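Listed here are the chains, written in short residue letters.
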Amino acid sequence: MKETPSEKRLQSVVSVTLRSGVLFASVIGIVGGLLFLATYGSETVNFSSFDGTASPYVSLSSISRALGAGGQVEYLAVVQIGVIVLLLTPIVRVALSIVGFTLAGDKTYVAITTVVLLTLIASIALH
Amino acid sequence: MNAHEFTLIVFLISIGAGLLGALTGLGGGIVVTPALTLLLGVDMRYAIGASLVSVVATSSGAAAAYVRDGLSNIRIGMFLELATTVGAITGALLASKTPTDALAIIFGIVLLHSAWQVTQAKASAVRKEEAPDRFSEALQLGGTYHSPEGPIDYEVGRAKSGFGLMYVAGVLSGLLGIGSGALKVIAMDRIMGIPFKVSTATSSFMIGVTGVASAAIYLKRGYIQPLIALPVMLGVLGGAMLGAKLLPHLPVKTLRRVFAVAVAIVAVQMIVHGIRRHI
């Protein structure tokens, strides 16, 4: 398929968005991580036991509670926000592809890509 | 050990994993999990959570370059993502029901296959031209890519088999927190007849989307711990960038063989630990 100028431009947009997303996520993570290490770096860590859903970083609501809680949990909650930003980048990418296919008038792929996006959103709703 | 030591060690291991990934095409994730579980005694579930984060990071980081160069075929990718995302959700839901020992054994087997994969010739010298099936034609799956010899057109065959294999790749991704890039490239390159360069580029972009399909479930179940995920993510990204820079200057063939052996040894360790219920 030959590329049209607008397809090329969309590819640039996708490329920039992905890299910005990764960069943004990394910066947030590094800030939270450094703050954590500066204050709690000498605490022992033990990841051999699994807490599961008791962890304070499992959802947006638990993370926002952690942000107000102070202590180790607050800094690590910031890091987790960075992780979530990273995890959003492919979702944004899929959404941009829908835009691209719409601009190209490609109804089949608007449909296919929308199903993929809905599947991703459905995974968020699953328990 | 304390947090300083832990994050530093994880970071360094992850740089190694990223380097290994860039040089072998294996993907950093597949090395991170055994390192975390076998070396640092981290619970398998935390390990696969961190691994998945790194897989998404490298996918978004690397895919940016491929898309810009026009190598990824977005249509093929999206069409196949219909299968991989559903597979990934299935795999992630299964992961919580699977005892960690069994996960370790399955992981070891997949790792063995990847080690073998790395030693295989990169692409068949004479690529069998796949005739496009009607399905592929209807979905416009063929394309053109720019090679040093000029633009090359290609068509896609056996789309339905590729689709089925992608579902399996998705399940493995969700179950083990890996990218399943190797399996995706096999499905595209060997079964669907898509040129190797396009297969690898498209797989690289797909891996992130597949990863996110399981990530929400992993997050909710508490598999993703920020203190582990962060150094893994940064390390693998850094290692992959370093690896990409070093790649032209290194004896890749020799390195691949060395790595294949090392990875195979680790694979056996994972299986043994799983069987002995040490993990």
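Residues numbered from 1 in each chain as written. Chains lettered and ligands numbered in written order. Predicted model: local features only at pLDDT ≥ 70, side-chain atom pairs only at ≥ 80, totals over all residues. Heavy atoms only, no water.

A. View of the overall build of chain B. Within chain B, the regular secondary structure consists of 11 helices and 2 strands. Taken from the N to the C terminus, the helices and strands of chain B come in the order α-α-α-α-α-α-β-β-α-α-α-α-α. Over its C-alpha trace chain B gives a radius of gyration of 18 Å, about what one expects of a compact globule, namely 19 Å for 279 residues. Principal-axis analysis of the C-alpha atoms places the extent of chain B at approximately 55 × 40 × 30 Å. (Helix = DSSP H or I, 4+ residues; strand = E, 2+ residues; numbered from the N terminus. Rg over C-alpha atoms; globule rule 2.2 N^0.38 Å.)

B. Region of the structure containing the overall build of chain A. The number of helices and strands found in chain A is 4 helices and 0 strands. On the principal axes, the C-alpha backbone points of chain A span a range of 55 × 30 × 25 Å. Buried positions account for 43% of the 127 residues belonging to chain A. As displayed, chain A offers around 6500 Å² of accessible surface, 69% of which is attributable to carbon and sulfur atoms. (Buried < 20%, exposed > 50% of the residue type's maximum accessible area, 1.4 Å probe, protein only. Areas by Shrake-Rupley, 256 points an atom, 1.4 Å probe, with all protein chains shown as cover.)

C. Molecular detail of the nonpolar core. Of all hydrophobic cores here, the largest spans 107 residues; its most connected members are Leu36 and Ile228 of chain B. For this core, the element with the most residues is helix 3 (residues 72-103) of chain A, which contributes 12 residues. Those residues in contact with Ile228 of chain B that sit more than four places away from it in its chain are Phe47 of chain A together with Phe6, Val10, Leu36, Val42, Tyr46 and Ala50 of chain B. (Core = buried A, V, L, I, M, F, W, Y, C linked by side-chain atoms within 4.5 Å. Contact = heavy atoms within 4.5 Å.)

D. Region of interest: the interface of chain A and chain B. In this assembly, 60 residues from chain A lie in contact with 61 residues from chain B. Summed over the shared surface of chain A and chain B, the result is 1 salt bridge. We note a salt bridge from Arg75 of chain B to Asp106 of chain A, for which the minimum N-O separation is 2.6 Å. In this assembly, chain A and chain B are joined by 12 residue pairs in polar contact (both at pLDDT 80 or more). Broken down by secondary-structure element, the contributors of at least two residues to the side of chain A that touches chain B are helix 1 (5-40), helix 3 and helix 4 (107-125) of chain A. Taken together, the residues of the side of chain A that touches chain B sort by class into 31 nonpolar, 21 polar and 8 charged. (Salt bridge = Lys/Arg side-chain N within 4 Å of Asp/Glu carboxyl O. Polar contact = N/O pair within 3.5 Å; in protein donor to acceptor, adjacent residues only side chain to side chain. Nonpolar A, V, L, I, M, F, W, Y, C, P; charged D, E, K, R; others polar.)

E. Spatial organisation of a nonpolar patch on the surface. A cluster of nonpolar side chains, Leu23, Val27, Val31 and Leu35 of chain A, forms an exposed patch at the surface whose accessible area comes to about 350 Å². Its place among the elements puts Val31 of chain A in helix 1. (Patch = residues over 30% accessible without salt bridge, like charges linked within 9 Å, V, L, I, M, F, W, Y side chains within 5 Å.)

F. Molecular detail of the packing of helix 1 (residues 3-24) of chain B against helix 10 (residues 226-246) of chain B. All names here are of chain B. Remark: helix 1 packs on helix 10, axes separated minimally by 6 Å, with the N-to-C direction vectors making an angle of 35°. Along this stretch, helix 1 crosses helix 10, giving a crossing that reads as right-handed. Split by residue class, the contact of helix 1 with helix 10 holds 19 nonpolar, 6 polar and no charged. (Axes fitted to C-alpha atoms, helices over the stretch in contact; angles between N-to-C directions. Left-handed = near helix turned anticlockwise from the far one by under 90°.)

G. Broad picture of the packing of helix 1 of chain A against helix 1 of chain B. Where helix 1 of chain A contacts helix 1 of chain B, the two axes come as close as 9 Å, and the packing angle between them is 145°. When helix 1 of chain A is examined against helix 1 of chain B, the residues Phe36, Leu37 and Tyr40 of chain A are found in contact with a partner set consisting of Ala3, His4 and Thr7 of chain B. A breakdown of the residues in the contact of helix 1 of chain A with helix 1 of chain B according to their chemical character gives 4 nonpolar, 2 polar and no charged.

H. Examining helix 5 (residues 100-119) of chain B more closely. For helix 5 of chain B, spanning 20 residues, the distance from its first C-alpha to its last is 29 Å, which sits close to the expected 28 Å at 1.5 Å a residue. For helix 5 of chain B, the full list of buried residues reads Thr100, Asp101, Leu103, Ala104, Phe107, Gly108, Val110, Leu111, Ser114, Ala115, Gln117 and Val118 of chain B. (Expected span 1.5 Å × (residues − 1).)

I. A look at the packing of aromatic side chains. Considering all chains together, one arrives at 9 aromatic pairs over all chains under this definition. Ring centres of Phe47 of chain A and Phe6 of chain B lie 5.1 Å apart, and the angle between their planes is 40°; on these two criteria the pair is classed as tilted. Taken together, the positions of Phe47 of chain A in the loop between helix 1 and helix 2 (60-69) and Phe6 of chain B in helix 1 put the pair across two chains. Owing to a relative accessible area of 12%, Phe47 of chain A belongs among the buried residues under this scheme. Between Phe50 of chain A and Tyr46 of chain B the ring centres are 5.1 Å apart and the planes differ by 55°, which places this aromatic pair in the tilted class. Of this pair, Phe50 of chain A sits in the loop between helix 1 and helix 2 while Tyr46 of chain B sits in helix 3 (residues 44-68), each in a different chain. On the basis of relative accessible area, Tyr46 of chain B is assigned to the buried category, the value being 2%. Grouped by ring-pair contacts, the aromatic residues Phe47 and Phe50 of chain A together with Phe6, Tyr46, Tyr218 and Tyr223 of chain B constitute a single cluster. Here the guanidinium or amino end of Arg75 of chain B rests over the ring plane of Tyr109 of chain A, the centre of that ring lying 5.4 Å away. (Phe/Tyr/Trp six-rings, centres within 6.5 Å; stacked < 30°, edge-to-face > 60°. Lys NZ or Arg CZ within 6 Å of the ring centre and 35° of its normal.)

Take it as geometry only, folks, not as evidence of what the structure does.
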